[in-house]
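Breakdown of the fold
Each chain, written out:
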Amino acid sequence: LAKTTQPISMDSYEGQEVNITCSHNNIATNDYITWYQQFPSQGPRFIIQGYKTKVTNEVASLFIPADRKSSTLSLPRVSLSDTAVYYCLVGQSGGYQKVTFGTGTKLQVIP
Amino acid sequence: DVKVTQSSRYLVKRTGEKVFLECVQDMDHENMFWYRQDPGLGLRLIYFSYDVKMKEKGDIPEGYSVSREKKERFSLILESASTNQTSMYLCASRQGPPTTEAFFGQGTRLTVV
């Protein structure tokens, strides 16, 4: 299983763009990169997934360079409600492989 | 709307008690998971199940067992609760491989005294 490394915590002011980078140096050819968001006292929820280049949805963008050894979650113009823990996961598209979440990045948005 | 329901939000149990944490999903998902979450340690996988009566150990199975008699229900069992099992427990379900979205319950905060 590809191991992921993320910063433990980040602070940002409201209205700023936040970029959270995840390293996954031993990512396999058929691994996808998925990000989850967890608010306090709730379970994590899926926010975005990608394989290469760039993916964008209504919540975030995900940038993946050609070597796929890292990925960056980008949150545009954060608000206080974006304060959460963000988890980067790497997993295959086949089988019932278990998924390891790790420690995540705790984002604190400051007014 | 998809739903994963954990039977209790808060539980207080005594050391040595047998504890059952129940999880039910209404999405007919094949895969179900139990995680525990502790400050500074993130989410750690205890057990998962990919079919009825099938189970696989996760990263920290010691002190726990699981049961999946029906597809929609996945139970986590603490045979003899200990204070180091005080934690937030999260159940999740997922239909397919890791590239499919996992849905989580609200969590059960278990305190063992």
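Above this text you will find the structure in question.
Let me sum up the structure you'll find in this document.

Conventions we followed
Residues numbered from 1 in each chain as written. Chains lettered and ligands numbered in written order. Predicted model: local features only at pLDDT ≥ 70, side-chain atom pairs only at ≥ 80, totals over all residues. Heavy atoms only, no water. Helix = DSSP H or I, 4+ residues; strand = E, 2+ residues; numbered from the N terminus. Rg over C-alpha atoms; globule rule 2.2 N^0.38 Å. Buried < 20%, exposed > 50% of the residue type's maximum accessible area, 1.4 Å probe, protein only. Contact = heavy atoms within 4.5 Å. Areas by Shrake-Rupley, 256 points an atom, 1.4 Å probe, with all protein chains shown as cover. Lys, Arg positive; Asp, Glu negative; His and termini not counted. Charge placed at Lys NZ, Arg CZ, Asp CG, Glu CD. Disulfide = S-S within 2.5 Å. 1 Å grid on protein atoms, 1.4 Å probe; cavity = no way out; pocket = protein on both sides within 12 Å on 5 of 7 lines; lining within 4 Å. Points joined across faces, edges and corners; volume = space filled by probe spheres on them. Nonpolar A, V, L, I, M, F, W, Y, C, P; charged D, E, K, R; others polar.

Another aspect to go through is the overall build of chain B. The number of helices and strands found in chain B is zero helices and 11 strands. Along chain B, from the amino end to the carboxyl end, the secondary structure elements read β-β-β-β-β-β-β-β-β-β-β. Relative to the 2.2 N^0.38 estimate, which gives 13 Å for 113 residues, the radius of gyration of chain B is 13 Å and therefore close to what a compact globule would have. With respect to the principal axes defined by its C-alpha atoms, chain B has extents near 35 × 30 × 25 Å. Scored against the burial criterion, the 113 residues of chain B give a buried share of 50%. Summarising the internal contacts of chain B: among those between residues at least 6 apart in sequence, 55% fall at separations of at least 24. If you sum the accessible surface of chain B, you get close to 5,400 Å²; carbon and sulfur atoms cover 49% of it. Computed over 16 positive and 15 negative side-chain charges, the inter-centroid distance for chain B is 5 Å.

With that out of the way, let us pick up the overall build of chain A. Summing up its helical and strand segments, chain A has zero helices and nine strands in all. Helices (α) and strands (β) of chain A occur, in sequence order from the N terminus, as β-β-β-β-β-β-β-β-β. Its C-alpha radius of gyration of 13 Å places chain A within 12% of the 13 Å reference for a compact globule of 111 residues. When its C-alpha atoms are laid out on the principal axes, chain A stretches across 40 × 30 × 25 Å. Within chain A, the proportion of its 111 residues that are buried is 46%. Of the roughly 5,500 Å² that chain A leaves accessible, carbon and sulfur atoms contribute 51%.

Next up on the list: the state of the cysteines. The term disulfide refers to a covalent linkage connecting the sulfur atoms of a pair of cysteines. One pass over the full model with this rule turns up two disulfides over all chains. Disulfide pairing places Cys22 of chain A opposite Cys88 of chain A at an S-S distance of 2.2 Å. With the S-S dihedral at roughly -80 degrees, the linkage between Cys22 of chain A and Cys88 of chain A falls on the left-handed side. Highlighted residues: Cys22 of chain A in strand E2 (residues 18-23) and Cys88 of chain A in strand E8 (residues 84-92), separated in sequence by 66 residues. Cys88 of chain A shares its class with Cys22 of chain A; the two are buried. In this model Cys23 of chain B forms its disulfide with Cys91 of chain B; the gap between the sulfur atoms is 1.9 Å.

Our next topic: empty space enclosed by the protein. Considering all chains together, one arrives at two cavities of 30 Å³ or more under this definition. By volume, the largest cavity amounts to about 80 Å³. The wall of the largest cavity is formed by Tyr36, Leu89, Val99 and Phe101 of chain A together with Phe33, Tyr35, Ala92, Arg94, Pro98, Thr100, Ala102 and Phe104 of chain B. Each residue belonging to the lining of the largest cavity can be placed in one class, and the counts come to 10 nonpolar, one polar and one charged. Looking at the second largest cavity, its volume works out to about 30 Å³. In this structure, the second largest cavity is lined by Tyr32, Thr34, Leu89, Val90, Gly91 and Val99 of chain A together with Pro98 of chain B. The greatest single-element share of the lining of the second largest cavity, amounting to three residues, is contributed by E8 of chain A. Here the lining of the second largest cavity is built from residues that sort into five nonpolar, two polar and no charged.

In this section: the layout of surface pockets. Volume-wise, the largest pocket comes out at about 690 Å³. Among the secondary structure elements, those contributing two or more residues to the lining of the largest pocket are E8 of chain A together with strand E4 (31-38) and strand E9 (87-94) of chain B. By residue class, the composition of the lining of the largest pocket is 11 nonpolar, 14 polar and four charged.

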